[in-house]
Structure formats: structure tokens, C-alpha cells
Amino acid sequence: MSETTITFKDKEYEIESLSDKAKYIIKQIQDLNQQAMQYRAKTDQVEVAGKAFAEMLTLELETETDEPV
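Everything in this summary refers to the structure shown in the same document. Only a predicted model underlies this, so the values are computations on that prediction, with no experimental measurement involved. (Residues numbered from 1 in each chain as written. Predicted model: local features only at pLDDT ≥ 70, side-chain atom pairs only at ≥ 80, totals over all residues. Heavy atoms only, no water.)

Focus on the overall build of the protein chain
A tally of helices and strands in the protein chain yields 1 helix and 2 strands. In the protein chain, the succession of helices and strands from N to C terminus is β-β-α. Its C-alpha radius of gyration of 24 Å places the protein chain more than 25% over the 11 Å reference for a compact globule of 69 residues. With respect to the principal axes defined by its C-alpha atoms, the protein chain has extents near 80 × 20 × 15 Å. (Helix = DSSP H or I, 4+ residues; strand = E, 2+ residues; numbered from the N terminus. Rg over C-alpha atoms; globule rule 2.2 N^0.38 Å.)

Below, the structure written as C-alpha cells:
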């Protein structure tokens, strides 16, 4: 796919020759794909942060158990 064409279901289309509705739908699909990538990146960040906090808690609890009661 170049900037002027799109391939959909193994068929290539000239974007300029498509209806306004088809162009709108293409933009929506592109936007949704971008959002999905952003959500995957955010999910990765949250998972890494969760693991870091779990590690911090492990270290904190180990420190507390080393202290005399």
C-alpha cells in the first residue's frame, strides 16, 4: 500500500477514486489501529509498573522481617 492506494481483501484501490464514506471508514480503521497500539503500549507500562511495585513490596517486607519485634 502506498500513500495513494490501499489494499483490502487482496484487492488494491486508489484512495482518491473511493467515495467519501469509504475514505471516512478507512480513516476510522486507521485511527482504531493506532488506538490499539497505544492501548497495548499502555498495558505493557502498567504491567511493568505492577511488577516493579510487587518487587518493592517484597524488598520492604523482607526488611521488616529482618527487624527485631
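Past the structure itself, the notes keep going.
Re the side chain of T5
Within the secondary structure, T5 is located in strand β1 (residues 5-8). Residues within four places of T5 in sequence aside, it is in contact with E12, Y13, E14 and I15. (Contact = heavy atoms within 4.5 Å.)

Remarks on the pattern of salt bridges
With the rule as written, the count across this model stands at 1 salt bridge. Notably, a salt bridge pairs E16 with K23, separated by 4.0 Å at the nearest N-O pair. (Salt bridge = Lys/Arg side-chain N within 4 Å of Asp/Glu carboxyl O.)

Some details on the environment of I6
Along the chain, the position of I6 falls in strand β1. Overall, the relative accessible area of 14% leaves I6 in the buried class. Expressed as a C-alpha distance, the spacing of I6 and I26, which sit 20 residues apart in the sequence, is 8.9 Å. (Buried < 20%, exposed > 50% of the residue type's maximum accessible area, 1.4 Å probe, protein only.)

A short note on the pairing of strand β2 (residues 11-14)
Looking at chain direction, β1 and β2 are connected through 4 bridges and run antiparallel. When the bridges of β2 are listed, T5 appears paired with E14. Hairpin remark: β1 followed by β2, antiparallel, with 2 residues in the connecting loop; positive phi at K9, about 50°. (Pairing = 2+ DSSP bridges.)

What about a nonpolar patch on the surface?
Side chains of Y24, I25 and I29 sit close together on the surface and give an oily, nonpolar patch of about 300 Å² of accessible area. Relative to the elements of secondary structure, I29 occurs in helix α1 (residues 20-66). On the basis of relative accessibility, which here comes to 42%, the residue I29 falls in the partly exposed class. (Patch = residues over 30% accessible without salt bridge, like charges linked within 9 Å, V, L, I, M, F, W, Y side chains within 5 Å. Areas by Shrake-Rupley, 256 points an atom, 1.4 Å probe, with all protein chains shown as cover.)

Description of the environment of E3
With respect to the helices and strands, the residue E3 is situated in the segment before β1. We classify E3 as exposed; its relative accessible area is 77%. Remark: the alpha-carbon pair of E3 and E14, spanning 11 residues in sequence, is separated by 9.4 Å.

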